Amino acid sequence: MAGRLWIDEDAADGGVLAVVARRLSLPIAGRDGWPEAGDAVIGFRRGRREREPAEKGYAPGVWLLDGRPGLDRGDIAQMLMAGVRVDPALDGELSVVSGLDRHAPSSDVARKVVAERPSEPVRKAVAERPSEPVRKAVAERAYESARKAVAERPSEPVRKAVAERAYESARKAVAERPYEPVRNVVPERPSPCAPLIASPGRSGSAPSNVPAFRLFEVPVFHLRALTVRRIGQGAGLLPADWDGPHPLRRRLETAAVRALYATGRDFGTVTLAASDDGAVRVAGPFGEPEERDLPLWLEAVGAFRSELAEEAETGRRRELLIGADPEFLLVAPDGRVVSASRFFPRDGAAGSDALRVRGQLRCPVAELRPDPASDPDGLMRGIRGLMRRAELLAAPDGRPLRWLAGGMPVPGFALGGHIHLNVPPNARLLRVLDSCVALPLAAAEDERGVRRRPRYGALGDFRVKRHGFEYRTPPSWLVSPLAAQAAFAAALLAARHTSELALLTGLPSETEAGRRAYYEGDRDTLRAMALRVHDAMRRVPGYAMYRRWLAPFFAAVERGAVWREDADIRPKWGLPARENAAGGDAHVDGTAGTAGLGASPASLRSV
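Criteria and cut-off values
- Residues numbered from 1 in each chain as written.
- Predicted model: local features only at pLDDT ≥ 70, side-chain atom pairs only at ≥ 80, totals over all residues.
- Heavy atoms only, no water.
- Helix = DSSP H or I, 4+ residues; strand = E, 2+ residues; numbered from the N terminus.
- Buried < 20%, exposed > 50% of the residue type's maximum accessible area, 1.4 Å probe, protein only.
- Contact = heavy atoms within 4.5 Å.
- Axes fitted to C-alpha atoms, helices over the stretch in contact; angles between N-to-C directions.
- Parallel < 35°, antiparallel > 145°, perpendicular 65-115°, else oblique.
- Left-handed = near helix turned anticlockwise from the far one by under 90°.
- Pairing = 2+ DSSP bridges.
- Salt bridge = Lys/Arg side-chain N within 4 Å of Asp/Glu carboxyl O.
- Expected span 1.5 Å × (residues − 1).
- Bend = angle between axes of the 7 residues up to and from the residue.
- pLDDT = per-residue confidence, 0-100.
- Phe/Tyr/Trp six-rings, centres within 6.5 Å; stacked < 30°, edge-to-face > 60°.
- Lys, Arg positive; Asp, Glu negative; His and termini not counted.
- Polar contact = N/O pair within 3.5 Å; in protein donor to acceptor, adjacent residues only side chain to side chain.

**A short note on the overall build of the chain**
Along the chain, the regular secondary structure elements total 22 helices and 17 strands. Relative to its full complement of 607 residues, the chain shows a buried share of 58%. Taking contacts inside the chain between residues at least 6 apart in sequence as the whole, the part at least 24 apart equals 69%.

**Concerning the packing of helix H16 (residues 427-443) against helix H18 (residues 498-505)**
Here H16 crosses H18 at 55 degrees, and the two axes come no closer than 9 Å. Judged by the inter-axis angle, H16 sits oblique to H18. H18 is crossed by H16, and the crossing has left-handed handedness. Packed against H16, whose contacting residues are Arg 428, Leu 429, Val 432 and Cys 436, the element H18 presents Thr 498, Ser 499, Leu 501, Ala 502 and Thr 505 at the interface.

**What to know about the pairing of strand E15 (residues 417-421)**
Counting buried positions over the five residues of E15 gives five, a clear majority of the element. Burial of E15 is two-sided: the residues Gly 417, Ile 419 and Leu 421 facing one way and the residues His 418 and His 420 facing the other way are all buried. Two strands pair when backbone bridges link them, and strand E10 (residues 322-331) and E15 are joined in this way by five bridges, in the antiparallel orientation. Bridging across to E15, Pro 326 finds its partner in Gly 417.

**Structural notes on the sheet that holds strand E2 (residues 28-29)**
Spatially, E2-E1-E3-E4 is the arrangement adopted by the four strands of the open sheet, whose pairing is parallel. The open sheet has two free edges, formed respectively by E2 and strand E4 (63-66), since each of these has just one partner strand. Pairing geometry for strand E1 (residues 5-8) and E2, over two bridges, is parallel. Following the sheet pairing, Asp 8 is matched in E2 by Ala 29.

**Observations regarding the pattern of salt bridges**
Where charged atoms from two side chains of opposite charge approach closely, those side chains can pair. The tally for this structure, following the rule as stated, stands at 33 salt bridges. A salt bridge links Arg 292 to Glu 217, with the shortest nitrogen-to-oxygen separation between them at 3.1 Å. Within this pair, whereas Arg 292 is found in the loop between strand E9 (280-282) and helix H14 (294-314), its partner Glu 217 is found in strand E5 (residues 213-221), the two being separated by 75 residues in sequence. A cluster of three or more residues bridged by salt bridges with shared partners is formed by Glu 217, Arg 229, Glu 290, Arg 292 and Asp 293.

**Quick word on helix H20 (residues 523-537)**
The end-to-end C-alpha separation of H20 is 20 Å, in line with the 21 Å expected for 15 residues at 1.5 Å each. Listed in full, the buried residues belonging to H20 are Leu 526, Arg 527, Met 529, Ala 530, Val 533, His 534, Ala 536 and Met 537. Summarising the contacts, the buried residues of H20 are in contact with H16, helix H17 (481-496), H18, helix H19 (512-520) and helix H21 (543-558).

**Structural notes on H21**
In this model H21 runs just 19 Å from its N-terminal to its C-terminal C-alpha over 16 residues, more than 12% under the 22 Å that 1.5 Å per residue would give. Taking the largest bend as the criterion, H21 deviates by roughly 50 degrees, centred on Trp 549, and proline Pro 552 comes between one and four positions later. Every buried residue of H21 is listed here: Tyr 543, Tyr 546, Trp 549, Leu 550, Ala 551, Phe 553, Phe 554, Ala 556 and Val 557. Turning to H21, the residues buried within the fold contact helix H15 (376-394), H16, H17 and H20. Looking at the residues trailing H21, positive phi occurs at Gly 560, about 90 degrees.

**Description of the confidence of the model for the chain**
Overall, the prediction assigns the chain a mean pLDDT of 78, with 71% of residues at 70 or greater. Note on residues 95-153: pLDDT under 50 across the span, and 91 contacts to partners over four residues away in sequence or across chains. Overall, residues 599-607 carries pLDDT values under 50, and its contacts beyond four positions in sequence, including any with other chains, amount to 21 contacts.

**Quick notes on the pairing of strand E16 (residues 462-465)**
As judged from the four bridges shared by E16 and strand E17 (residues 468-471), these two strands associate in the antiparallel manner. Considered in E17, the bridge of Lys 465 is made with Gly 468.

**Considering the packing of aromatic side chains**
A ring pair, where both rings are aromatic, is described by two values, the distance of the centres and the angle of the planes. Under the defined criterion, the tally for this structure stands at 15 aromatic pairs. A ring pair is formed by Phe 216 and Trp 242, whose centres lie 5.7 Å apart and whose planes are at 20 degrees; its orientation type is stacked. Of the two residues, Phe 216 sits in strand E5 while Trp 242 sits in the loop between strand E7 (229-231) and helix H13 (247-262), which places them 26 residues apart along the sequence. Among the residues examined, Phe 216 registers a relative accessible area of 1% and is labelled buried. When its relative accessible area of 5% is taken as the criterion, Trp 242 is described as buried. Geometrically, the ring pair formed by Trp 477 and Phe 488 is edge-to-face, given 4.8 Å between the ring centres and 90 degrees between the ring planes.

**Quick look at the side chain of Asp 325**
The topology assignment puts Asp 325 in strand E10. For the buried Asp 325, no salt bridge is present, and the opposite-charge side chain at shortest range is Arg 472, 5.9 Å distant. Of the polar contacts made by the side chain of Asp 325, one reaches the side chain of His 420; its length is 3.4 Å. Those residues in contact with Asp 325 that lie beyond four places of it in its chain are Glu 367, Leu 368, Arg 369, Gly 416, His 418, His 420 and Glu 470.

**Details of unusual backbone geometry**
Trans is the common state for peptide bonds, and a negative phi is the common state for residues other than glycine. In this model, Arg 453 is joined to Pro 454 through a cis peptide bond whose omega is 0 degrees. One can find Pro 454 in the loop between H16 and E16. The phi dihedral of Ser 25 is positive, around 55 degrees, even though this residue is not glycine. Locating Ser 25 in the fold gives a position in the loop between helix H2 (16-24) and E2. With a phi close to 70 degrees, Leu 223 is a non-glycine residue in the positive phi region. Considering the arrangement of structural elements, one finds Leu 223 in the loop between E5 and strand E6 (224-225).

**Overview of the environment of Phe 413**
With respect to the helices and strands, the residue Phe 413 is situated in the loop between strand E14 (402-404) and E15. Note: C-alpha distance between Phe 413 and Pro 364 (49 residues apart in sequence) is 9.3 Å.

Written out as structure tokens, the structure is:
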């Protein structure tokens, strides 16, 4: 029966996942049988996602959960594009990091790894790195003595080498071999990597111009952080409410999940550094599951297996619902944003949303919260009804305000068009949504919306909700009803046919070219990818149900239509605007009717 969880032969041959597989009686793919479409396989895939399909070696529609350890330069680039902060010292270590299958030395983590878990790759890395004193010590001494000497008692030649070398060489030596006495010599000089070289602790233990940092490890399985623990110096120092809703813990969990997702992984252990200034950075290569976390992995894998089986059994019978909470701005004729809280209640269906402006919490953004619906028509009707309500609430003011939407119609105000689905969050579904919703919308986006990314609108951005999850990547599609209905239809199609679309589309959002085009706003590449995605959609049996909402949008994308974020959105939705301060009509590129992405009021009545 489709919906089973398997473990790949390589992952089943040893390590924590092998123990998990035995405890949970997971079948081994290739020994016990072959997975079918709808099944998932836990494994370690060494190749990059764009070089070979995730399902290579298995039947179409099988999901291989990727947990490959280590990092390479491509991974670093993917994280940086997605807005994940990375320790600058990692870039200098990649020649070693990319070749390791397990933990590799990185900043202060190296000392801990060498001292406590001296694996063969680590020993080899220490022996082969270009530092004559260290290489000679490792080569001439017995391994145990050398390990202890390197970890605990840096010799005079090592200390002398660091003292005499130019700073760049010293920095590299410290980043690669952070012996405690040597590590404390270098932070006095400013450097981009100083925050991860300085001694951990509060700001008093580091130079005044360098934020102090603390190191953490976060094991993650399928979008879920299993725990967050502090490592290195001060490992036992945690706030009393650490296991509750602690803000730093939430940031660390979010950063770990985001880093893995950005590099195409589904599980692994992420090492993070948290500075006193609030910044969180990836500080080391991804690691494999560790023995001390065995109970956590057992629970997480067991829960995932149950969810997979339940989804296979009930997925086709479930009534799929879609909801949304799009944002827009009220802008005065002089270009200033008027706070939506002056007209709309904070928690209303036509309400306002909080935003921190210059350190103060304000509610300048308007937000619509329609009831969920089973098809795009129902959600579109709900949105139009709430727009009429918002118009009545704002009318007494009498000012000719423009209603603007999109990605960033006014500099500094990033707007979202979040989509809600009543299914559990799923990494594979998120990747399909990125390819089928986010990339096509970006192909029709006003160029000013690119400024929203990657701080907002990163691929795979989601938030767990009681009803399922909220997909947070899209901009505010209120700017174009044509784009809005297509986004709803594509999201519903993705939720109903995740496996087929993952296979047929090839997940362009997971390729380096797709991600770069999305984050840099390369419209030509995005348009070509969007059209290929639409072609894949048309081969899915369920496409016919959503064709009337999808086809017009992709036809507009093929013609090169682009929405305008400086145009009042009300005429597009069939509502009168007292004054169109932007001048001209509200259609894209001067087109009329449904030729562009700003459909006319007459055409909207038939949607």
